[in-house]
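Topology and contacts: notes
As a plain string of letters, each chain reads:
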Amino acid sequence: MKPIALITGAAGLIGGYLVRTAARWAQQWEVHGLTRAEADLTDPALVKELWRHHHPQLVVHCAALSRTGACEQDRALARRINVDATRYLADLTRDIPFVFLSSDQVFDGSKAWYVETDGVNPLNVYGQTKAEAEQVVLQNPAHAVIRIALAAGTSPTRDRSFVEDMVRAVAKGTRLTLFTDEFRCPIPAGTLARALWEFVECQQPGLYHLAGSDRLSRWEIGELLVRLYPELRSKIQPGSVADYQGPPRPPDLSMCSDKMQALLSFRLPGFRQWVIDGSQTGNDPWDEPGSDRQ
Ligand SMILES: NC(=O)c1ccc[n+]([C@@H]2O[C@H](COP(=O)([O-])OP(=O)(O)OC[C@H]3O[C@@H](n4cnc5c(N)ncnc54)[C@H](OP(=O)(O)O)[C@@H]3O)[C@@H](O)[C@H]2O)c1
């Protein structure tokens, strides 16, 4: 019988990719995807019950309140899901590998190419809850925290990734202003899933960054995406974060993934080439993790 790997947040973007790519990248595991509909992870009694039911040998914790706006609106909820539920799980998994997905948003964005030893200084509630949860998880030397960059992909509900957000917004007639002075290292969600499955097999716990190898502005990302979603072309315009009003936004969240890269059998791709190549195949560009394009 194969050991059981439990993936929380399985109805979300990255959890969805982990479950759907398991047949390809994680054949040694029996993978159970857990959705909120099956269990609300903020209920400790339920989480314990789940534990008794599944007896997992690995947990990859993707469930989160992952939208920065939602976290600003309800700090208490953000804390319950992102910190408290993570603590319940980290406690239950004390004797097995536990992989917690954190975020580039733990940084303030005042420098480029963050490495794992850089200090955190989150500017928003989402980043604060992630930074707090990281500390909880890293108390156990057998556990891992992976800070994920902006992920592009197709979610089970078609409304989770930043790409889906952009396409849905323009379909409603919204014009999008994309900042030329805000930088990220986007990564295809399928690649993320492949890297995470490989990471699990390496049994090297600790803190890691996992990002694409290109540092691109939001505007550059939008211009690239036009190749895949031509409907964006006339609906995106360049702008400056200096003219933006709202909760603080970290200007540069580029992350260096060298520590993770050293464990992987494949090169983490640059988003630019990935999109250019993907636009020439005609396939779903986010759905072919580790295809022969790499
Ligand atoms: N996607 C990115 O670009 C990105 C970047 C950096 C870090 N991350 C991190 O990576 C992880 C996965 O992100 P994602 O993009 O896959 O997020 P997502 O699409 O928002 O998925 C999160 C999932 O968690 C579930 N969830 C929320 N509250 C829950 C609760 N109380 N009990 C059980 N399940 C609950 C959600 O359920 P519902 O479907 O019912 O809402 C959703 O399916 C998160 O920790 C996120 O912070 C993501």
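Because the structure is predicted, anything quoted here is derived from the model rather than measured.

Reading the values: rules and limits
- Residues numbered from 1 in each chain as written.
- Predicted model: local features only at pLDDT ≥ 70, side-chain atom pairs only at ≥ 80, totals over all residues.
- Heavy atoms only, no water.
- Buried < 20%, exposed > 50% of the residue type's maximum accessible area, 1.4 Å probe, protein only.
- Helix = DSSP H or I, 4+ residues; strand = E, 2+ residues; numbered from the N terminus.
- Contact = heavy atoms within 4.5 Å.
- Near = heavy atom within 4 Å.
- Polar contact = N/O pair within 3.5 Å; in protein donor to acceptor, adjacent residues only side chain to side chain.
- Areas by Shrake-Rupley, 256 points an atom, 1.4 Å probe, with all protein chains shown as cover.
- Nonpolar A, V, L, I, M, F, W, Y, C, P; charged D, E, K, R; others polar.
- Phe/Tyr/Trp six-rings, centres within 6.5 Å; stacked < 30°, edge-to-face > 60°.
- Lys NZ or Arg CZ within 6 Å of the ring centre and 35° of its normal.
- 1 Å grid on protein atoms, 1.4 Å probe; cavity = no way out; pocket = protein on both sides within 12 Å on 5 of 7 lines; lining within 4 Å.
- Points joined across faces, edges and corners; volume = space filled by probe spheres on them.

Turning next to helix H10 (residues 271-281). Residues of H10 that are buried: Phe 271, Trp 274, Val 275, Ile 276 and Gly 278. Residues of H10 that are buried in the fold lie against strand E6 (151-152), helix H6 (162-171), strand E9 (187-188), helix H7 (189-202), strand E11 (216-217) and helix H8 (218-225).

For the rest of this paragraph, the subject is the environment of Gly 119. Within the secondary structure layout, Gly 119 lies in the loop between strand E4 (98-103) and helix H5 (125-138). Classification of Gly 119 by relative accessible area gives exposed; the value is 57%. Counting along the chain gives 11 residues from Gly 119 to Asp 108, while the straight-line C-alpha distance between them is 9.5 Å.

Take the site of the ligand next. Around the ligand, the surrounding shell holds 25 residues, and the nearest of these are Ile 14, Ser 66, Tyr 126, Lys 130 and Ala 151. Measuring from a nitrogen atom of the ligand, one finds a side-chain N or O atom of Asp 40 at 2.9 Å. At a separation of 2.6 Å, an oxygen atom of the ligand approaches a polar side-chain atom of Lys 130. Its free accessible area being 890 Å², the ligand has 90% of it covered by the protein chains. Where the shell around the ligand is concerned, the elements lending two or more residues are helix H1 (13-25), E4 and H5. With three residues, the single largest contributor to the shell around the ligand is E4. Residues that form the shell around the ligand fall into these classes: 15 nonpolar, six polar and four charged.

In this structure the tally under the stated criterion is three aromatic pairs. Plain terms: the ring middles of Phe 107 and Tyr 114 are 4.0 Å apart, the flat faces sit at 10° to each other, and that makes the pair stacked. You can call Phe 107 buried: its relative accessible area is 0%. A relative accessible area of 2% means that Tyr 114 is categorised as buried. Judged by centre distance (4.9 Å) and plane angle (70°), the rings of Phe 199 and Tyr 208 are edge-to-face. Classification of Phe 199 by relative accessible area gives buried; the value is 3%. The side chain of Arg 194 reaches across the aromatic face of Phe 266, ending 4.0 Å from its centre. Across the ring face of Tyr 208, the terminal group of Lys 259 is positioned such that the distance to the ring centre comes to 4.5 Å.

Attention shifts here to the layout of surface pockets. When its volume is computed, the second largest pocket comes out at roughly 230 Å³. Along the walls of the second largest pocket sit 16 residues, with Leu 58, Pro 97, Val 200, Gln 203 and Gln 204 positioned nearest its centre. Mapped onto the lining of the second largest pocket, the elements with two or more residues apiece are E4 and H7. For the lining of the second largest pocket, the element with the highest residue contribution is H7, accounting for three residues. A breakdown of the residues in the lining of the second largest pocket according to their chemical character gives 10 nonpolar, five polar and one charged.

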